[in-house]
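Given next are the chains, with one letter for each unit.
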Amino acid sequence: MASLSVIAPTVSVTRDERGTHIEIPAGVNSDEPIVIAYDVADAALVAHTFVTAGEGARATIVERLTGDAPDREIAVSTTISAGANADVTYTVLQNLGTGVRVDAKRVSHVGAGARVGWNVALLGGASVTDQVISDHTGAGANSEIAALFFPVAREVVQLTTEVQHNVPHTNS
């Protein structure tokens, strides 16, 4: 189960059987970060996070994955839809024990003039596979991807990043 910390009252965060949904309405600028925390001690953790940022919206979201459990496999997926001129920064802080295997896929759809920044810190886990894919769907779309990882002992990290420039005049 995820714990949530939301300070901005104009941002909607809900949870249901499909995952955690974060809705930043058009024109809303959230000055405080939205924090989602997942603990791998939760049985059969499958973490799905969906973010929708309306036109001109701005927000920072922090996803924390923590804990340790022997022979635990977790699946993580994140989908961001950034409307025209939206600005979303999504930061992943993964600090897991050596008994955890992670398979993560993170996808953003970046509209005209919008920006999505991915910051991914992979700190621990027996085996970590993480994909970050940014799909530019509008002219002037911009993606930034920054990642760091520190495997120790026999830990394995596989990180793949991809930016799809589907329309002209986009940046990454």
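Right, let's walk through the structure included here. (Residues numbered from 1 in each chain as written. Predicted model: local features only at pLDDT ≥ 70, side-chain atom pairs only at ≥ 80, totals over all residues. Heavy atoms only, no water.)

What follows deals with the overall build of the chain. For the chain, the count of helices and strands is 0 helices and 13 strands. Its C-alpha atoms give the chain a radius of gyration of 16 Å, near enough to 16 Å, the size a compact globule of 172 residues would have. Viewed in the frame of its principal axes, the chain has a C-alpha envelope of about 45 × 35 × 25 Å. Each of the 172 residues in the chain was classed as buried or not, and the buried ones make up 44%. Sequence separation of 24 or more characterises 82% of the internal contacts of the chain that already satisfy a separation of 6 or more. Considering the chain, the positive charge centre built from 10 side chains and the negative charge centre built from 19 side chains are found 4 Å apart. (Helix = DSSP H or I, 4+ residues; strand = E, 2+ residues; numbered from the N terminus. Rg over C-alpha atoms; globule rule 2.2 N^0.38 Å. Buried < 20%, exposed > 50% of the residue type's maximum accessible area, 1.4 Å probe, protein only. Contact = heavy atoms within 4.5 Å. Lys, Arg positive; Asp, Glu negative; His and termini not counted. Charge placed at Lys NZ, Arg CZ, Asp CG, Glu CD.)

Before going further, it helps to examine the pattern of salt bridges. Evaluation of the coordinates by the stated rule reveals 6 salt bridges. Among the ionic pairs, Asp31 bridges to Arg58, the shortest N-O distance being 2.8 Å. Of this pair, Asp31 sits in the loop between strand E3 (19-24) and strand E4 (34-39) while Arg58 sits in strand E6 (residues 58-67), and the two are 27 residues apart along the sequence. The exposed category is assigned to Asp31, whose relative accessible area is 65%. Assessed through its relative accessible area of 32%, Arg58 is described here as partly exposed. We note a salt bridge from Arg106 to Glu63, for which the minimum N-O separation is 3.1 Å. In this pair, Arg106 is assigned in strand E9 (residues 100-110) and Glu63 in strand E6, connecting sequence segments 43 residues apart. If you follow the salt bridges from partner to partner, you end up with Glu63, Arg106 and Asp130 in one network. (Salt bridge = Lys/Arg side-chain N within 4 Å of Asp/Glu carboxyl O.)

Let us now look at unusual backbone geometry. Backbone geometry places Asp71, a non-glycine residue, at a positive phi of 55°. Position of Asp71 among the secondary structure elements: in the loop between E6 and strand E7 (72-82). The exposure class assigned to Asp71 is exposed, which follows from its relative accessible area of 64%. Residues other than glycine seldom take positive phi values, yet His169 does so here, at roughly 65°. One can find His169 in the segment after strand E13 (156-165).

Time to look at the pairing of E3. Each regular strand displays side chains that alternate between the two surfaces of the sheet. In terms of burial, E3 is largely enclosed, as 5 of its 6 residues are buried. Where strand E2 (residues 12-16) folds back onto E3 in an antiparallel hairpin, the turn is made up of 2 residues. Across 5 bridges, the pairing between E3 and strand E5 (residues 46-53) is parallel. Bridging across to E5, Ile24 finds its partner in Ala53. (Pairing = 2+ DSSP bridges.)

Right, let's talk about the sheet that holds E7 for a bit. The strand order across the open sheet built from 7 strands is E2-E3-E5-E7-E9-E11-E13, with neighbouring strands paired in mixed fashion. The sheet is open, and its two edges are formed by E2 and E13, each paired on a single side. The sheet shows a mean angle of 10° between the axes of neighbouring strands, direction not considered. (Axes fitted to C-alpha atoms, helices over the stretch in contact; angles between N-to-C directions.)

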